[in-house]
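# Per-entry structural report
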Amino acid sequence: MSLSQADRKLIENSIRDIKDFPKEGIVFKDITTLLNNKVAYQTLMNHLEDRYKSYNLDYVAGIDSRGFIFGAALADRLGIGFVPVRKKGKLPATTVCEKYELEYGYDEVEIHLDAFPKKNPRVLLIDDLLATGGTANAASKLIKHVNADLVEVCFLLNLTFLNGAKKVKEHAPIYSILEI
């Protein structure tokens, strides 16, 4: 279940830094180089499958949009359903929304009211990056709002210096593959 130091290094080295994106002073963690590295991506997905196969999950929920990449692949490997948590206005049926604060204003995420057809489902929430925790916190609230059991929240990267984990830990345990 634990990731070897060599595998952790492989994954970490496959993510490139883009300086001053999307604005000056920010170092963007670009996962496209992880996704196009078949060995690194397979190593990551093998690890996630090994970790979560004994959790008795019913669904994996992924946060728009990079959480879709890891979440859908993991759900397929585990033989369970995938549920998207989308930015407001992107889902076609009846939704519930949760607003969260950004450094420059507010945004909202939503989930279908009937996203989890099973009663009291066990759900894993996944995304690529935990920064300030606003989006993950809002997504966690939504999952609980529709009466699902949020078992854990998983991130590929946790930018620990931004303290986003503090907000999200109020809802469920957090697992981060890489801590920066």
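In this text, all values refer to a predicted model and were calculated from it rather than measured experimentally.

Cut-off values and rules
- Residues numbered from 1 in each chain as written.
- Predicted model: local features only at pLDDT ≥ 70, side-chain atom pairs only at ≥ 80, totals over all residues.
- Heavy atoms only, no water.
- 1 Å grid on protein atoms, 1.4 Å probe; cavity = no way out; pocket = protein on both sides within 12 Å on 5 of 7 lines; lining within 4 Å.
- Points joined across faces, edges and corners; volume = space filled by probe spheres on them.
- Helix = DSSP H or I, 4+ residues; strand = E, 2+ residues; numbered from the N terminus.
- Nonpolar A, V, L, I, M, F, W, Y, C, P; charged D, E, K, R; others polar.
- Expected span 1.5 Å × (residues − 1).
- Buried < 20%, exposed > 50% of the residue type's maximum accessible area, 1.4 Å probe, protein only.
- Arc of directions from axis to C-beta.

Moving on: empty space enclosed by the protein. Tallying each qualifying case throughout the model produces one cavity of 30 Å³ or more. The space that makes up the largest cavity amounts to roughly 30 Å³. Looking at the largest cavity, the residues that line it are Leu44, Leu48, Phe70, Ile126, Asp127, Cys154, Phe155, Leu156 and Ile177. For the lining of the largest cavity, the secondary structure elements donating two or more residues are α3 (38-52), β7 (122-130) and β8 (149-158). Sorting elements by how many residues they give to the lining of the largest cavity places β8 first, with three residues. Of the residues assigned to the lining of the largest cavity, the class counts are eight nonpolar, no polar and one charged.

A separate point is helix α4 (residues 66-78). The end-to-end C-alpha separation of α4 is 19 Å, in line with the 18 Å expected for 13 residues at 1.5 Å each. Gly67, Phe70, Gly71, Leu74 and Ala75 are the residues of α4 that are buried. The buried residues of α4 occupy an angular sector of 130° when projected down its axis, which confines them to one face. The first or second residue beyond α4 is glycine 79, which carries a positive phi of 70°.

Attention now goes to the layout of surface pockets. Space inside the largest pocket adds up to approximately 1200 Å³. Arg66, Leu102, Leu129, Ala131 and Thr132 are the residues nearest the centre of the largest pocket, which is lined by 33 residues in total. When residues of the lining of the largest pocket are traced back to their parent elements, those giving at least two are β2 (27-30), β5 (95-102), β7 and α5 (134-145). A per-element tally of the lining of the largest pocket places β7 first, with four residues. Its residues placed into classes, the lining of the largest pocket shows 17 nonpolar, five polar and eleven charged.

Let us look at unusual backbone geometry. In this model, phenylalanine 21 is joined to proline 22 through a cis peptide bond whose omega is 0°. On the secondary structure map, proline 22 appears in the loop between β1 (16-19) and β2. Cis rather than trans, the peptide bond between aspartate 64 and serine 65 has omega equal to 0°. Looking at the element boundaries, serine 65 is found in the loop between β3 (59-63) and α4.

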